[in-house]
Amino acid sequence: MATKRFDAIVVGAGPGGETVVERIAAAGLSVALVERELIGGECAYWACIPSKTLLRPVELRHEAEKTVGASSPRLDFEAIASYRDFMIRDLDDAAQVKSYEEQGVTVFKGVGSLSGPHEVEVGDERLASERIVLATGTESLVPPIEGLEEAGYWTNREATTITAVPRSVIVLGGGPVGVELAQMLSRFGAEVHLLEASERLLSREDPRVSELLHEALKADGIDVHVDAKVEAVNAENGSRRARFGEQSVSADELIVAIGRKPRLQELALGSAGIEPVEKGIAVDERCRAAEGIWAIGDVTGVMPFTHVAKYQGRVVCADILGRSARAAYDAVPRVVFSDPEVAAVGMTEAQAREAGVEALTAHVRLPEAIARPWTYETDPRGELSLLADRERQVLVGAWAVGPLAGEWIHYATLAIKTATPLDVLRDTVPQFPSFTEGYLKALEELSD
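Keep in mind it's a predicted model, so treat the numbers as computed, not measured.

(A) Representation of a positive patch on the surface within the structure. Residues Arg23, Lys310, Arg314 and Arg323 make up a contiguous surface patch of positive charge. Here Arg23 shows up in helix H1 (residues 15–26).

(B) A look at the packing of aromatic side chains. Considering all chains together, one arrives at nine aromatic pairs under this definition. Relative to Trp46, the ring of Tyr45 has its centre 5.7 Å away and its plane inclined at 50 degrees; by these criteria the two rings are tilted. Side by side, Tyr45 and Trp46 carry an identical accessibility label, which is buried. Between the NZ or CZ atom of Arg157 and the centre of the ring of Trp46, over which it lies, the distance is 3.6 Å.

(C) Spotlight on the packing of helix H3 (residues 48–65) against helix H4 (residues 77–87). It is at 9 Å that the axes of H3 and H4 come closest, and there the two elements cross at 150 degrees. With respect to each other, H3 and H4 are oriented roughly antiparallel. Remark: the crossing between H3 and H4 carries right-handed chirality. For the pair H3 and H4, contact is made by Ile49, Pro50, Thr53, Leu54 and Pro57 and by Ile80, Tyr83, Arg84 and Met87, respectively. Here the residues of the contact of H3 with H4 are counted per class, giving seven nonpolar, one polar and one charged.

(D) Up close: unusual backbone geometry. Residue Pro340 is bonded to the preceding Asp339 through a cis peptide linkage, with omega at 5 degrees. For Pro340, the position within the fold is in the loop between strand E20 (334–336) and strand E21 (341–346). The step from Phe432 to Pro433 runs through a cis peptide bond, and the omega angle for that step is -20 degrees. Positionally, Pro433 belongs in the loop between helix H16 (422–426) and helix H17 (437–445). In this structure, Gln393 is a non-glycine residue whose phi angle is positive, near 60 degrees. Within the secondary structure, Gln393 is located in the loop between strand E23 (383–389) and strand E24 (394–402). Overall, the relative accessible area of 27% leaves Gln393 in the partly exposed class.

(E) Structural context of the pairing of strand E7 (residues 125–128). Of the pairings in the sheet, the one linking strand E1 (residues 3–5) to E7 comprises three bridges and is parallel in character. Counterpart to Thr3 in the pairing with E7 is Arg126. Where strand E6 (residues 119–122) meets E7, four bridges bridge the pair, whose relative direction is antiparallel. Paired with Glu121 across the two strands is Arg126, which belongs to E7. In textbook terms, the turn of a hairpin is the stretch between consecutive antiparallel strands, and for E6 and E7 this stretch comprises two residues, one of which, Gly123, has a positive phi near 60 degrees.

(F) Representation of the environment of Arg243 in the model. Inspection of the secondary structure assignment puts Arg243 in strand E14 (residues 239–244). Separated by 13 residues in sequence, Arg243 and Val230 have C-alpha atoms that sit 5.6 Å apart. Apart from residues lying up to four places away in sequence, Arg243 is in contact with Lys229, Val230, Glu231, Ala232 and Ser248.

(G) Examining the nonpolar core more closely. Core analysis: the largest hydrophobic core is formed by 35 residues, its most contacted members being Val171, Leu185, Leu217 and Ile255. Breaking this core down by element, the ones donating at least two residues are H3, H4, strand E10 (168–172), helix H8 (176–187), strand E11 (191–195), helix H9 (207–219), E21 and E24. Considering each element in turn, this core owes the most residues, five residues, to H8. Excluding residues within four positions of it along the chain, Val171 makes contact with Gly178, Ala182, Val192, His193, Leu194, Leu195, Ile255 and Ala257.

(H) Inspection of the state of the cysteines at higher detail. For the coordinates displayed, the defined rule picks out zero disulfides. For Cys287, which is in no disulfide, the shortest distance to another cysteine sulfur is to Cys317 and amounts to 10 Å.

(I) The arrangement of the sheet that holds E14 in detail. What the three strands build is an open sheet, ordered E13-E14-E15; its pairing is antiparallel. Two strands close off the open sheet at either side, each with one partner strand: strand E13 (232–236) and strand E15 (247–251). On average, each strand axis in the sheet is tilted by 20 degrees relative to the strand beside it, whichever way the strands run. Pairing geometry for E14 and E15, over five bridges, is antiparallel. Across the sheet, residue Phe244 finds its bridge partner in E15, namely Gln247.

(J) Region of interest: H3. The end-to-end C-alpha separation of H3 is 26 Å, in line with the 26 Å expected for 18 residues at 1.5 Å each. The sharpest bend along H3 comes to roughly 25 degrees, located at Arg56, with the proline Pro57 sitting one to four residues further on. The complete set of buried residues in H3 reads Pro50, Ser51, Thr53, Leu54, Leu55, Pro57, Val58, Glu59, His62, Glu63 and Ala64. Next to the buried residues of H3 lie helix H2 (41–46), H4, helix H7 (156–160), H8, E21 and helix H13 (372–376).

Reading the values: the criteria
- Residues numbered from 1 in each chain as written.
- Predicted model: local features only at pLDDT ≥ 70, side-chain atom pairs only at ≥ 80, totals over all residues.
- Heavy atoms only, no water.
- Patch = residues over 30% accessible without salt bridge, like charges linked within 9 Å, V, L, I, M, F, W, Y side chains within 5 Å.
- Areas by Shrake-Rupley, 256 points an atom, 1.4 Å probe, with all protein chains shown as cover.
- Salt bridge = Lys/Arg side-chain N within 4 Å of Asp/Glu carboxyl O.
- Lys, Arg positive; Asp, Glu negative; His and termini not counted.
- Charge placed at Lys NZ, Arg CZ, Asp CG, Glu CD.
- Helix = DSSP H or I, 4+ residues; strand = E, 2+ residues; numbered from the N terminus.
- Phe/Tyr/Trp six-rings, centres within 6.5 Å; stacked < 30°, edge-to-face > 60°.
- Buried < 20%, exposed > 50% of the residue type's maximum accessible area, 1.4 Å probe, protein only.
- Lys NZ or Arg CZ within 6 Å of the ring centre and 35° of its normal.
- Axes fitted to C-alpha atoms, helices over the stretch in contact; angles between N-to-C directions.
- Parallel < 35°, antiparallel > 145°, perpendicular 65-115°, else oblique.
- Left-handed = near helix turned anticlockwise from the far one by under 90°.
- Contact = heavy atoms within 4.5 Å.
- Nonpolar A, V, L, I, M, F, W, Y, C, P; charged D, E, K, R; others polar.
- Pairing = 2+ DSSP bridges.
- Core = buried A, V, L, I, M, F, W, Y, C linked by side-chain atoms within 4.5 Å.
- Disulfide = S-S within 2.5 Å.
- Expected span 1.5 Å × (residues − 1).
- Bend = angle between axes of the 7 residues up to and from the residue.

That is the geometry; function is a separate question.
So this is what it looks like as structure tokens:
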């Protein structure tokens, strides 16, 4: 087997891997890109892009229903699904492969495995480089629930590529993916049962966030159960029944959305002297996993977001090209594209306590504080909470639940990233009327 040598090898062509390839190829390095499925990864074909595409029409209808003088638009699911297929390129990456080849990147389709600290094998091909970037992502975590495999289930892949809306669905998991899929399917007309094993939805966020989201989903007609640890699933008469405690629910389909696990099993990390940790591949602040080997994105277990994968990709590119870069994760926004949207950044109150931060907090109900919610909808919603370090007098955390919260959370993101003093934030003039005005009201509440 002849060895093909490159300046760099990138294993995994999701958003993180693509970020690396595009930047170092543009810098003149010869690059091999290895991808087992489709260039663009999970996000482009089965997660972020199709889910947000499907969520938008039902969100628009809900907005119309809450807007004065507007009527509810008719939804054409066939047209919506067709546009979804356009957005996911009909699960065809031929154009992306051709584009990379035109840029001088050599694309290898297949499973990439390390065969030493500087070698990668893909089928019958052996590739060599002093620079290897691992970006293989994650796959759905399927729990060992009695009868689940026999009964059959969907993951996010089946749920985001549906060609018809099922009559009824059980969603296992009340995290971001489960919440988004549950609300999307419910608003398209499915009967939805959402089962979350922990005591509340979005359990990593502040309790008030969970409470607001729970209320919103129930108002949509979703049958929400928390502290619902599913013990068994069985198929009966073409449907699935999930049992938890003394209760059970049944539906035509069942979606597993309890989390994801790093895709490590085929990487042969041991051949390069890398020992994975529970969450994935451990990396340093430059995303180095070993000498000459970097890891980025979900496979690192740092933060499971596309924007983090791309950020880590930029850090790796800087390191490879000899520029100084260090990754920091204290100001990474996290958004659930539910309705209302949930957005957060930085620490939660619980995390601040664990870190020994003496915190100041402020909480604002936006319809009581600013005008924008009333101009936006007839039944205005929105809450904002800020968390500040009393000693340093800077923001360290924030969350918002409300329309477009994923857009205006970036005000807090930048403030945390730059450690902008609270006095400077209070002296900043927000646009009127806008949701961002809520920050000024909350900042005025932050005091000793």
